[in-house]
Amino acid sequence: MGCFQATNPKRKVLTTSRNWMGDLSSKKLFFSKVISILVSIVNAASSTEGQGLRLRIRGQMGARDWSDLPSELLQLIAVRLGLIELLSFRGVCKDWNSATSTASAEIEALPNQEPWFLLYREDNSQCMLVTDSNRKYTITIPELNGATCLASNQGWLLLFREGSMFFFCPFSRAKIELPWEFPNTVISDDIVAVFSSPPTSQDCLVCVVMNGIETEKFELYAIHRGAAAWTKHQLDHSLDKIEYVAYHDGVFYFFDDTCWMVYFSIEDRRLGRCMIRYAESEKEKCLPLRFCSDTEKNEMKKRLGLEEGIALSTCGTVVSCDKADKMIPYEDTENATEPGCNPLKGVWFQPRFHQIDQKQSW
């Protein structure tokens, strides 16, 4: 496991942004990509099938526009697109949107991929998206208006708004409500959360922690899919500020910015507190988790294009890696929690395009 050192930078966001398609040159690149995929589909077909496809396309396009491409071709194109290209594709027209019903942009679900960042305010639905290649987009997500992101896992966000919680995928707009209201109708800045697996999994379990530094109590609320209510678990010793959260092999872990951690075992519902011990050699058995290095933190902040002078509170995540999964920290700038302050909020997340059945429940 790597070393952890807390950092609290003050930063301000630049105004550089773009929508999904961007300017005219970006639109040309997008449609060039579509044409390239279309050509490869035709070329990959057998000679008879390829000739039939070419005749169909020629007949369709002779008197119609792009929006009238055959639906089977649109579906074949959609499943070959990257995430941003897929979002642009969905925005062309209703038929192109419908053709993405089976697309998931799985090309984005790769190990060792740096997370993307979503910047928002609680009182506004306009957000800024920053990709791993440092491209920035301005998008509107009404579900984030009045919400706070508590956890991020495999492209799903856990949001809290007006006393209720729900899972949300910002790209597909898939939403799954937790059926039971959280015991606290108002959340404070010392709350963090984590869930064990995607909400579509039968074994998904959510943990929400209220770490009372002043009260010296560590309260954990848990609920699993199909449960009738939240269960409460408590320790009489709190942590310092929680920086990292993770789940591994049936246990939730909460690490503070000093040398302590709290763990919660699903099997026996046991809540415990202990000091963090670092492996002294590669032969020692340890958790396949590691903290972000200072260098990695600085590189991630550079990607955001930030300057000094603005309050920012961020929700972390865990990135799948080959040897040990990398934990991305929860962080606050020094003035992000001051009374009367309306800070920017952000969440690190893996770019995914989850689609669910409209009748999906939890």
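Below or above, wherever it landed, is the structure these notes cover. Given the structure is predicted, the values throughout are model-derived calculations rather than measurements. (Residues numbered from 1 in each chain as written. Predicted model: local features only at pLDDT ≥ 70, side-chain atom pairs only at ≥ 80, totals over all residues. Heavy atoms only, no water.)

Let's talk about the overall build of the protein
Here is step 1 of the chain: Each helix and strand counted, the protein has 6 helices and 23 strands in total.
Here is step 2 of the chain: Per-residue burial over the protein gives 48% buried out of 362 residues.
Here is step 3 of the chain: Counting only contacts in the protein whose residues sit at least 6 apart along the sequence, the fraction spanning at least 24 positions is 58%.
Here is step 4 of the chain: About 18,000 Å² of surface is accessible on the protein, with carbon and sulfur atoms providing 48% of the total. (Helix = DSSP H or I, 4+ residues; strand = E, 2+ residues; numbered from the N terminus. Buried < 20%, exposed > 50% of the residue type's maximum accessible area, 1.4 Å probe, protein only. Contact = heavy atoms within 4.5 Å. Areas by Shrake-Rupley, 256 points an atom, 1.4 Å probe, with all protein chains shown as cover.)

A short note on the pattern of salt bridges
Here is step 1 of the chain: Overall, the coordinates contain 11 salt bridges when judged by the stated rule.
Here is step 2 of the chain: Notably, a salt bridge pairs E177 with K175, separated by 3.4 Å at the nearest N-O pair.
Here is step 3 of the chain: E177 sits in the partly exposed class, given a relative accessible area of 39%.
Here is step 4 of the chain: The salt bridge involving E331 is made with K301; its shortest N-O contact spans 3.1 Å. Here E331 is found in strand β22 (residues 331–332), whereas its partner K301 is found in helix α6 (residues 294–303), with 30 residues between them in sequence.
Here is step 5 of the chain: What makes K301 buried here is its relative accessible area of 10%.
Here is step 6 of the chain: Salt bridges sharing common partners tie together E114, R290, E296 and K326. (Salt bridge = Lys/Arg side-chain N within 4 Å of Asp/Glu carboxyl O.)

Side note on the sheet that holds strand β15 (residues 260–265)
In any sheet, the strands associate via hydrogen bonds between backbone groups, in a parallel or an antiparallel arrangement.
Here is step 1 of the chain: With antiparallel pairing, 4 strands are arranged side by side in an open sheet as β13-β14-β15-β16. With one partner strand each, in any of the chains shown, β13 (242–248) and β16 (270–275) form the two edges of the open sheet. The sheet shows a mean angle of 20 degrees between the axes of neighbouring strands, direction not considered.
Here is step 2 of the chain: Bridge analysis of β15 against β16 gives 6 bridges, and the strand direction is antiparallel. Among the inter-strand pairings, S265 is bridged to a residue of β16, identified as R270. (Pairing = 2+ DSSP bridges. Axes fitted to C-alpha atoms, helices over the stretch in contact; angles between N-to-C directions.)

Notes on helix α3 (residues 71–78)
An α-helical turn contains 3.6 residues, so any two residues separated by three or four positions project in the same direction.
Here is step 1 of the chain: For α3, the set of buried residues is L73, L74, I77 and A78. Along the axis of α3, the buried residues cluster in a sector spanning 135 degrees; they form a single face. (Arc of directions from axis to C-beta.)

Overview of unusual backbone geometry
Peptide bonds are mostly trans, and most non-glycine residues show a negative phi.
Here is step 1 of the chain: Positive phi values are uncommon outside glycine, yet N134 reaches one of about 75 degrees.
Here is step 2 of the chain: Secondary-structure assignment places N134 in the loop between β3 (126–130) and β4 (136–140).
Here is step 3 of the chain: Unusually for a residue other than glycine, Q154 sits at a positive phi of about 55 degrees.
Here is step 4 of the chain: With respect to the secondary-structure elements, Q154 resides in the loop between β5 (148–153) and β6 (156–161).

With respect to the layout of surface pockets
Here is step 1 of the chain: If you add up the space inside the second largest pocket, you get close to 480 Å³.
Here is step 2 of the chain: Lining the second largest pocket we find 32 residues, and of these N153, Q154, V318, D325 and Q350 sit closest to its centre.
Here is step 3 of the chain: Those elements giving two or more residues to the lining of the second largest pocket turn out to be β5, β9 (191–195), β13, β20 (317–319) and β21 (325–328).
Here is step 4 of the chain: By residue number, the principal contributor to the lining of the second largest pocket is β13, which donates 4 residues.
Here is step 5 of the chain: A per-class count over the lining of the second largest pocket returns 18 nonpolar, 10 polar and 4 charged. (1 Å grid on protein atoms, 1.4 Å probe; cavity = no way out; pocket = protein on both sides within 12 Å on 5 of 7 lines; lining within 4 Å. Points joined across faces, edges and corners; volume = space filled by probe spheres on them. Nonpolar A, V, L, I, M, F, W, Y, C, P; charged D, E, K, R; others polar.)

Regarding the packing of aromatic side chains
Here is step 1 of the chain: A full pass over the atoms with the stated rule returns 14 aromatic pairs.
Here is step 2 of the chain: Judged by centre distance (5.2 Å) and plane angle (85 degrees), the ring pair of F255 and F291 falls under edge-to-face. Highlighted residues: F255 in strand β14 (residues 251–256) and F291 in strand β17 (residues 289–291), separated in sequence by 36 residues.
Here is step 3 of the chain: Note that K175 overlies the ring of F166, its terminal NZ or CZ placed 4.4 Å from the centroid.
Here is step 4 of the chain: Against the face of W260 rests R273, its NZ or CZ located 4.0 Å from the ring centre. (Phe/Tyr/Trp six-rings, centres within 6.5 Å; stacked < 30°, edge-to-face > 60°. Lys NZ or Arg CZ within 6 Å of the ring centre and 35° of its normal.)

What to know about the environment of Y221
Here is step 1 of the chain: Of note, Y221 is situated in strand β11 (residues 217–224).
Here is step 2 of the chain: In this structure, the C-alpha to C-alpha distance between Y221 and C207, residues 14 residues apart in sequence, is 5.6 Å.
Here is step 3 of the chain: Residues within four places of Y221 in sequence aside, it is in contact with F182, P183, N184, V206, C207, V208, M210, W230, T231 and K232.

A word on the sheet that holds β5
Here is step 1 of the chain: The strand order across the open sheet built from 4 strands is β5-β6-β7-β8, with neighbouring strands paired in antiparallel fashion. Here the strands that pair on one side only, and so sit at the sheet edges, are β5 and β8 (175–177). Taking the axes of each pair of neighbouring strands and ignoring which way they run, one obtains an average angle of 25 degrees across the sheet.
Here is step 2 of the chain: In terms of strand pairing, β5 meets β6 through 5 bridges, oriented antiparallel. Its bridge partner being in β6, C149 is matched across the sheet by L159.

A look at helix α4 (residues 83–90)
Here is step 1 of the chain: Of all 8 residues that make up α4, 7 are buried, and the element is covered over most of its length.
Here is step 2 of the chain: When we look at burial in α4, the residues that qualify are L83, I84, L86, L87, S88, F89 and R90.

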